[in-house]
Amino acid sequence: MARSASRGRRQGWRDLDLVSLPQRQTRSPITELLRRFLLAMALLLASTLIVWLDREAYVDNVAGDGVSFIDALYYSTVTVTTTGYGDITPLAPHARLINALLVTPLRISFLVVLVGTTLEVLANEGRRGLRDSAWRKTMRNHTVVIGYGTKGRSAVATLLRHNISKDKVVVIDDDASAVASANHDGLAAFHGDATERDLLRRAEITKAREVIITLDRDAAAILTVLTVRQLNPRAHIVVAVREQENVPLLRQSGADQVVTSSDAVGRLMGLSSVNPHVGAVMEDLLSNGEGLEVSERQVTADEVGLNPRQVEGERVLAVIRNDTLRRYFDSTVNSLQAGDRLVIVRRAAAAGQQPVISSDDDF
């Protein structure tokens, strides 16, 4: 145990799975590196031209045949890199003055570009480590989205529409392009396998309120649910599965809700074929920003004692009482009580007034 702890203390930032936060810089690393390389070459070329245009004031102490353009380039190279072999030297006073006033600043600028690039790389590594540490200290009661494909993006869009802040959403994906896409969308993200406990801990999974799993393979989803549930017994886990036969496995693994994506799409297509208007309403309910929308909210003080059918402006589908879902026709919910939560259908224009999850709930 002591040996493992010692290894952990020696572990550097490069060995850890650091959070990838939305980028603020406009240039890509390759563009920035190319820009600095061209700047260094321009400084070297300027020094070469200064020496070559004033080549009569220089002497080649070895060959004694004058200073050519190649000699000027050679002299500038060994000068700006502070090597200075001394085989080519300025003799005329004005040449030495030019070296002091022009070539020396060029040499310093060249070194600043090269050394500055190296220092910036090291500083960025340290800065990223500090940002990762600060981010993890403030992250709690957040939502972790594992898999940022089509389903993951749709899930995040729905969260944001229901007043969940981007700062409270973390993405995990083993595809670097998906992580970059999440960063582009303003989300923090981790690149790696979500079945790895260390990676989940870096994403503060133990403090997460909700985990949404949208992986392409059911086997990976099952293993991920098992791992997440072991690390966080209290989180609400929602998982998408392809095959209906895997639903019981996911529920036994610890998933609170399982959505069968292929069956759901198939049922919607069947409804749209047999009952086009029913299919249109179902698609409307699943769409964001227009028509109807399904949501969940806390019962208000004015609604206590009312029958669910008496709620104005919305249609109550179900009542959640004592963590139990009861349909609107259940006789036990004929009268709404304080503390009830309502699953309602409302106009999409009203979305955002009542968030699905209040940000001040705590474990």
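Up top is the structure.
What counts and what doesn't
Residues numbered from 1 in each chain as written. Predicted model: local features only at pLDDT ≥ 70, side-chain atom pairs only at ≥ 80, totals over all residues. Heavy atoms only, no water. Buried < 20%, exposed > 50% of the residue type's maximum accessible area, 1.4 Å probe, protein only. Helix = DSSP H or I, 4+ residues; strand = E, 2+ residues; numbered from the N terminus. Contact = heavy atoms within 4.5 Å. Pairing = 2+ DSSP bridges. Axes fitted to C-alpha atoms, helices over the stretch in contact; angles between N-to-C directions. Phe/Tyr/Trp six-rings, centres within 6.5 Å; stacked < 30°, edge-to-face > 60°. Salt bridge = Lys/Arg side-chain N within 4 Å of Asp/Glu carboxyl O. Right-handed = clockwise from strand over helix to strand, strands pointing away.

### Some words on helix 6 (residues 176-184)
Moving on, step 1. Where helix 6 is concerned, the buried positions are Ala 178, Val 179, Ser 181, Ala 182 and Asn 183.
Moving on, step 2. Here the buried face of helix 6 lies against helix 5 (150-161), strand 4 (169-173) and strand 5 (188-191).
Moving on, step 3. One or two positions beyond helix 6, positive phi appears at Gly 186, with a value near 90 degrees.

### Re the sheet that holds strand 12 (residues 341-347)
Moving on, step 1. A sheet is described by the order of its strands in space; here four strands give the open sequence 9-12-10-11, paired in antiparallel fashion. With one partner strand each, in any of the chains shown, strand 9 (292-298) and strand 11 (324-327) form the two edges of the open sheet. Neighbour-to-neighbour, the strand axes of this sheet turn through a mean angle of 25 degrees, independent of strand direction.
Moving on, step 2. Both strand 10 (residues 315-321) and strand 11 contribute to a ladder of four bridges, which runs antiparallel. For Val 319, the partnering residue across the bridge sits in strand 11 and is Arg 326.

### Here we look at the environment of Pro 248
Moving on, step 1. Structurally, Pro 248 can be placed in helix 9 (residues 247-253).
Moving on, step 2. With ten residues separating them along the chain, Pro 248 and Val 258 place their C-alpha atoms 9.0 Å apart.

### Considerations on the packing of aromatic side chains
Moving on, step 1. Under the definition given, this model contains three aromatic pairs.
Moving on, step 2. For the pair Trp 52 and Phe 69, a centre-to-centre distance of 5.8 Å together with 80 degrees between the ring planes defines the contact as edge-to-face. Taken together, the residues Trp 52 in helix 2 (residues 29-53) and Phe 69 in helix 3 (residues 69-80) connect sequence positions 17 residues apart.
Moving on, step 3. For the pair Tyr 328 and Phe 329, a centre-to-centre distance of 5.4 Å together with 75 degrees between the ring planes defines the contact as edge-to-face.

### Things to note about the pattern of salt bridges
Moving on, step 1. Going through the model one piece at a time under the given rule, you end up with seven salt bridges.
Moving on, step 2. Linking Glu 204 and Lys 207 is a salt bridge whose minimum nitrogen-to-oxygen distance equals 3.8 Å.
Moving on, step 3. Here Glu 204 falls in the buried class, since its relative accessible area comes to 8%.
Moving on, step 4. Take Lys 207: its relative accessible area is 35%, and that puts it in the partly exposed class.
Moving on, step 5. One salt bridge in this structure joins Glu 314 and Arg 297, with 2.8 Å as the shortest N-O distance. A residue pair is termed long-range when its members are at least 10 positions apart, and Glu 314 in the loop between strand 9 and strand 10 and Arg 297 in strand 9 qualify at 17 residues.
Moving on, step 6. What makes Arg 297 buried here is its relative accessible area of 4%.
Moving on, step 7. Linked by salt bridges that have partners in common, Arg 297, Glu 303 and Glu 314 make up one network.

### Quick word on the side chain of Thr 227
Moving on, step 1. With respect to the helices and strands, the residue Thr 227 is situated in helix 8 (residues 218-231).
Moving on, step 2. With residues up to four places along the chain from it excluded, the contact list for Thr 227 reads Thr 195, Arg 197 and Leu 200.

### Some thoughts on the sheet that holds strand 7 (residues 236-241)
Moving on, step 1. Strand order in this open sheet of six strands is 5-4-3-6-7-8, and the pairing throughout is parallel. Each edge of the open sheet carries a strand with a single partner, namely strand 5 and strand 8 (257-260). Taking the axes of each pair of neighbouring strands and ignoring which way they run, one obtains an average angle of 15 degrees across the sheet.
Moving on, step 2. Note that strand 3 (residues 143-146) and strand 4 share four bridges and pair parallel. Looking at the pairing, Ile 146 lines up with Ile 172 of strand 4.
Moving on, step 3. Helix 6 contacts strand 4 and strand 5 of the sheet and is inclined by roughly 170 degrees relative to strand 5.
Moving on, step 4. The strands that helix 8 touches are strand 3, strand 6 (210-213) and strand 7; relative to strand 7, the one it contacts most, it runs at about 175 degrees.

### A few points about the pairing of strand 3
Moving on, step 1. Burial along strand 3 is two-sided: the face carrying Thr 143 and Val 145 and the face carrying Val 144 and Ile 146 are both buried.
Moving on, step 2. Crossover strand 3 to strand 4 through helix 5 is right-handed.
Moving on, step 3. Taken together, the four bridges between strand 3 and strand 6 define a ladder with parallel strand orientation. Residue Thr 143 lies in a different strand from strand 6, and its bridge partner there is Glu 210.

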